[in-house]
Amino acid sequence: MATSDADDSLYPIAVLIDELRNEDVQLRLNSIKKLGTIALALGVERTRTELIPFLTDTIYDEDEVLLALAEQLGSFTPLVGGPEHVHCLLPPLESLATVEETVVRDKAVDSLRIIADQHSQSDLENYFVPLVKRLAGGDWFTSRTSACGLFSVCYKRVSTNVKAELRQNFRSLCADDTPMVRRAAAGKLGEFAKVVESDYLKSDLIQLFNMLAQDEQDSVRLLAVEASVSIASLLPSEDTEQLVMPTLRQAAEDKSWRVRYMVADKFTELQSAVGPEITKNDLVPAFQSLLKDCEAEVRAASAHKVKDFCQALSPDVREQIIMNNMLPCVKDLVADANQHVKSALASVIMGLSPILGKENTIEHLLPLFLTQLKDECPEVRLNIISNLDCVNEVIGIKQLSQSLLPAIVELAEDTKWRVRLAIIEYMPLLAGQLGVEFFDEKLNSLCMTWLVDHVYAIREAATLNLKKLVEKFGKDWAQQTVIPKVLQMSRDQNYLHRMTCLFCINLLAEPLGQDLTTRLMLPTIITMGSDPVANVRFNVAKTLQKLAPHLDQSSIQTQVKPLLEKLKADGDMDVQYYALEALEGLK
């Protein structure tokens with residue numbers, strides 16, 4: 001009996017060993033994903049003494065198996081007996097943090113960061129910190145890059161002497177011969193800065209920041225820019241001006257466009273970190289320079305930030321800086337040769353209206369909006385249309401309709417269907433702002449034209465648009481303006497237009513209510529039941545099924561069911577199928 005119990009207790013690990021040695025990668029992957037279950041079966045003692053050592057010894061596999069293992073081990077603390085035993089997970093994770101594949105190393109580091117918090121202070125110094133030092137002093141760059149991500153999670157909870165050693169180790173990594181290691185150190189510098197005491201931040205980390213920001217590799221310099229955001233947010237304003245800004249000014253004019261791009265990308269975060277005074281004196285000229293950069297990617301990244309940058313300016317100087325410094329650059333960007341730059345600007349330029357107010361918008365911004373609405377690039381036009389409501393709130397619908405509406409009407413017939421689609425989606429909002437009379441005069445005919453567009457997506461959006469307009473303007477308006485034109489389409493020579501008529505009826509039944517649907521719509525559907533095109537007939541069956549809740553019982557019995565019975569005997573299989581389905585639905 002004792003032997004049988006022993007065999008049973010060995011069974012889970014025996015199965016795991018077999019599966020991990022299987023040639024099929026999927027089987028090995030599945031066994032790793034079941035590690036938690038196996039650990040539960042073994043119990044905490046045997047998981048620590050057998051399973052973890054076994055996993056440590058067998059780390060040599062396909063990357064996807066190792067990735068799964070690295071992820072699993074991060075949640076293994078309860079399975080090895082809780083925080084007092086968590087250090088037994090370090091050996092397999094240390095091995096995984098040195099492998100060649102980057103995603104595996106990164107996942108191992110993530111798991112190590114998770115379990116670092118679960119160590120007591122003594123275990124952190126006895127087990128975790130030695131692991132960090134071993135990785136930091138490893139022969140292969142892979143282990144040294146992994147070490148960079150572990151300093152910040154253990155620094156705060158160790159003794160003063162150990163902290164000094166950790167700072168020295170991090171300094172060595174920042175000066176490593178291998179660019180990949182310096183890059184990893186630069187990427188984690190900002191994070192490390194947040195946990196280091198302010199004295200050491202000024203004496204040690206600023207020096208490292210300046211060194212990395214002047215590295216020969218642009219991939220290292222650009223990550224130092226990212227670190228500057230964290231460092232600037234930790235320092236008083238005068239220290240930021242003295243210790244960080246000279247390096248940042250240099251980065252904004254770096255010979256590598258990738259570094260300048262990173263400065264542009266992080267610009268509003270920098271603005272928030274350095275405060276209003278440094279922004280006014282240093283960041284405004286730097287931003288102007290980036291908006292005029294010779295590389296389109298840098299101009300596009302800067303253009304994306306225009307609205308947020310202007311919004312975050314100090315209220316007492318905001319208008320003055322926008323009018324004197326930003327607007328001339330924005331005017332140049334509107335006419336930029338690169339469509340990505342123009343598109344980036346178009347997505348945010350409307351947001352300047354609420355900041356500048358009505359008079360400045362009418363005088364300075366409206367001409368720019370008009371230029372962009374007529375831009376040859378469809379995405380530019382699209383981005384302007386999508387943000388029209390910002391401008392309407394500031395200048396009012398009268399001014400908007402006089403200046404921008406002609407351009408919008410022109411875009412409604414744009415050759416690019418996505419532009420037409422954007423106009424349709426904006427139409428209910430515009431209709432609400434214009435009012436029913438103005439809408440009927442200027443835009444109603446457009447909405448009906450879209451119903452017969454050659455692109456299906458436009459016809460579909462146009463039917464949904466009609467429903468929203470009926471909900472906004474009411475049944476009486478629909479009865480006079482929309483329904484006659486929709487029903488007229490049932491007699492169109494093009495069967496696709498007759499189908500659109502049915503789609504409109506489907507959507508309009510709900511806002512129109514039972515009386516109008518039964519009285520005005522149902523006779524047309526009944527007539528279309530004899531359409532020569534099978535597609536139209538089976539859509540009649542589908543429409544009748546959908547409309548049933550909006551029809552009275554006598555109409556269903558006297559008109560709907562007889563037509564469906566007739567369609568059930570149709571020569572086309574699809575028509576028969578949908579007629580049967582509709583009859584079933586009516587029961």
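For the structure itself, look to the data block above.
Position labels on residues start from 1 in each chain and follow its written sequence. Where local features are concerned, this predicted model is filtered to residues with pLDDT of at least 70; where side-chain atom pairs are given and counted, the filter is 80 or more; whole-chain, interface and lining totals use all residues. The basis for the side-chain values is all heavy atoms of the structure; hydrogens and waters are excluded.

Some points on the pattern of salt bridges
No. 1: Each reported salt bridge corresponds to a side-chain nitrogen of Lys or Arg within 4 Å of a carboxyl oxygen of Asp or Glu. Going through the model one piece at a time under the given rule, you end up with 27 salt bridges.
No. 2: Between D336 and R299 there is a salt bridge; the shortest N-O distance is 2.8 Å. Taken as a pair, D336 in the loop between α21 (315-334) and α22 (339-346) and R299 in helix α19 (residues 296-304) lie far apart in primary sequence, 37 residues in all. R299 carries the same exposure label as D336, and that label is buried. Secondary structure counts use DSSP, requiring at least four H or I residues in a row for a helix and at least two E residues in a row for a strand, with both numbered from the N terminus. Burial classes: relative accessible area under 20% of the type maximum marks a residue as buried, over 50% as exposed, and values in between as partly exposed (1.4 Å probe, protein chains only).

A word on a negative patch on the surface
No. 1: Residues E62, D63, E64 and E100 make up a contiguous surface patch of negative charge.
No. 2: With respect to the helices and strands, the residue D63 is situated in helix α5 (residues 63-73). Each patch is built from salt-bridge-free residues with over 30% relative accessible area, joining like charges within 9 Å and nonpolar side chains (Val, Leu, Ile, Met, Phe, Trp, Tyr) within 5 Å. Accessible surface area values rest on a Shrake-Rupley calculation with a 1.4 Å probe, where residue burial reflects the displayed protein chains alone. All tallies of charge rest on Lys and Arg as positive and Asp and Glu as negative; His and the ends of each chain are not included. For charged residues, the charge sits on one atom: NZ in Lys, CZ in Arg, CG in Asp, CD in Glu.

What to know about the packing of helix α13 (residues 198-213) against helix α14 (residues 218-234)
The description of two helices packed together rests on the angle between their axes and the distance between the axes.
No. 1: In this analysis an axis means a line fitted to C-alpha atoms, helices contributing only their contacting stretch, and an angle means the value between N-to-C directions, from 0 to 180 degrees. For the pair α13 and α14, the least separation of the axes is 8 Å and the interaxial angle reads 150°. By the angle between their axes, α13 is roughly antiparallel relative to α14. Between α13 and α14 lies a crossing of left-handed hand. Mapping the contact onto sequence places L201, I206, F209, L212 and A213 in α13 and V220, R221, A224, S228, I231 and L234 in α14.
No. 2: Here the nonpolar group is Ala, Val, Leu, Ile, Met, Phe, Trp, Tyr, Cys and Pro; Asp, Glu, Lys and Arg are the charged ones; every other residue, Gly included, is treated as polar. Counted by class, the contact of α13 with α14 contains 9 nonpolar, 1 polar and 1 charged residues. When an angle is under 35 degrees it counts as roughly parallel; over 145 it counts as roughly antiparallel; between 65 and 115 it counts as roughly perpendicular; any other value is oblique. In this scheme the handedness of a crossing depends on how the near helix is turned from the far one: anticlockwise by less than a right angle means left-handed, clockwise means right-handed. In what follows, a contact means two residues having at least one pair of non-hydrogen atoms within 4.5 Å.

Describing the state of the cysteines
No. 1: Two cysteine sulfurs form a disulfide in these notes if their separation is within 2.5 Å. A full pass over the atoms with the stated rule returns 0 disulfides.
No. 2: The structure places no disulfide on C329, whose sulfur is separated from the nearest cysteine sulfur, that of C310, by 9.9 Å.
No. 3: A relative accessible area of 1% means that C329 is categorised as buried.
No. 4: C504 supplies the cysteine sulfur nearest to C501, a cysteine that is in no disulfide, at a spacing of 6.8 Å.
No. 5: The buried category is assigned to C501, whose relative accessible area is 0%.

A closer look at helix α37 (residues 573-586)
No. 1: Multiplying 1.5 Å by the helix residue count minus one yields the expected span of that helix. Taking 1.5 Å of rise per residue, 14 residues should cover 20 Å, and α37 covers 20 Å from first to last C-alpha, within 8% of that figure.
No. 2: Restricting attention to buried positions, one finds in α37 the residues V575, A579, A582, L583 and L586. With its buried residues spanning 100° around the axis, α37 presents them on a single face. Turned more than 90 degrees off the buried face of α37, the exposed positions are M573 and G585.
No. 3: Looking at the buried residues of α37, the elements they touch are α35 (534-547) and α36 (553-568).
No. 4: Nitrogen and oxygen atoms within 3.5 Å of one another constitute a polar contact, given that in protein one can donate a hydrogen and the other can accept it, and given that sequence-neighbouring residues count only through two side-chain atoms. For α37, the N-terminal cap is D572; the gap from its side-chain oxygen to the backbone nitrogen of D574 is 2.9 Å. The arc refers to the directions leading from the helix axis to the C-beta atoms.

Details of the environment of V486
No. 1: The residue V486 is located in helix α33 (residues 475-488) in this model.
No. 2: Expressed as a C-alpha distance, the spacing of V486 and K307, which sit 179 residues apart in the sequence, is 43 Å.
No. 3: Non-local contacts of V486, meaning those with residues more than four positions away in its chain, are made with M448, L466, C501, C504 and L508.

Some details on the nonpolar core
No. 1: In terms of nonpolar packing, the biggest core is built from 208 residues, with F76, F128 and I349 touching the most fellow members.
No. 2: In contact with F76, other than residues within four places in its own chain, are L35, G36, A39, T47, L51, I52 and L89. Take the buried Ala, Val, Leu, Ile, Met, Phe, Trp, Tyr and Cys residues and link them wherever side-chain atoms come within 4.5 Å; each set so joined is a nonpolar core.

Here we look at the packing of aromatic side chains
No. 1: The criterion for an aromatic pair is that two Phe, Tyr or Trp rings (for Trp, the six-membered ring) have centres within 6.5 Å, with stacked assigned to planes under 30 degrees apart, edge-to-face to planes over 60 apart and tilted to the rest. In this structure the tally under the stated criterion is 11 aromatic pairs.
No. 2: Here F151 and F170 contribute two aromatic rings whose centre-to-centre distance is 5.3 Å and whose plane-to-plane angle is 75°, an arrangement assigned as edge-to-face. Taken together, the positions of F151 in helix α10 (residues 151-154) and F170 in helix α11 (residues 160-174) put the pair 19 residues apart, joining distant regions of the chain. Each member of the pair F151 and F170 is classed as buried.
No. 3: Consider the rings of W257 and Y261, whose centres lie 6.3 Å apart with planes at 85°: the pair is edge-to-face. Residue W257 and its partner Y261 are both found in helix α16 (residues 257-265); the two are separated by 4 residues, about one turn of the helix.
No. 4: Counting every residue linked through ring pairs, the aromatic cluster contains F151, Y155, F170 and F192.
No. 5: The criterion is that NZ of a Lys, or CZ of an Arg, lies within 6 Å of the ring centre and within 35 degrees of the ring normal, and then a charge sits over that ring. Above the plane of the ring of Y200 lies R167, whose end atom (NZ or CZ) is 3.4 Å from the centre.
No. 6: Cation over ring: K542 sits above Y578, and NZ or CZ is 4.9 Å from the ring centre.

Comments concerning the packing of helix α17 (residues 267-274) against helix α18 (residues 276-291)
No. 1: Between α17 and α18, whose axes approach to 10 Å, the crossing angle comes to 170°. Classified by the angle their axes make, α17 and α18 are roughly antiparallel. Between α17 and α18, the residues in contact are F267, L270, Q271 and V274 and I278, T279, L283, A286, F287 and L290, respectively.
No. 2: The residue makeup of the contact of α17 with α18, split by class, is 8 nonpolar, 2 polar and no charged.

Quick notes on α14
No. 1: Counted at 1.5 Å a residue, the expected span for α14 with its 17 residues is 24 Å, and the 25 Å between its end C-alpha atoms agrees.
No. 2: Bend is computed residue by residue as the angle between axes fitted to the seven residues ending at the residue and the seven residues starting at it. The largest bend along α14 measures about 25° and falls at A227.
No. 3: Burial within α14 is extensive, with 13 of its 17 residues counted as buried.

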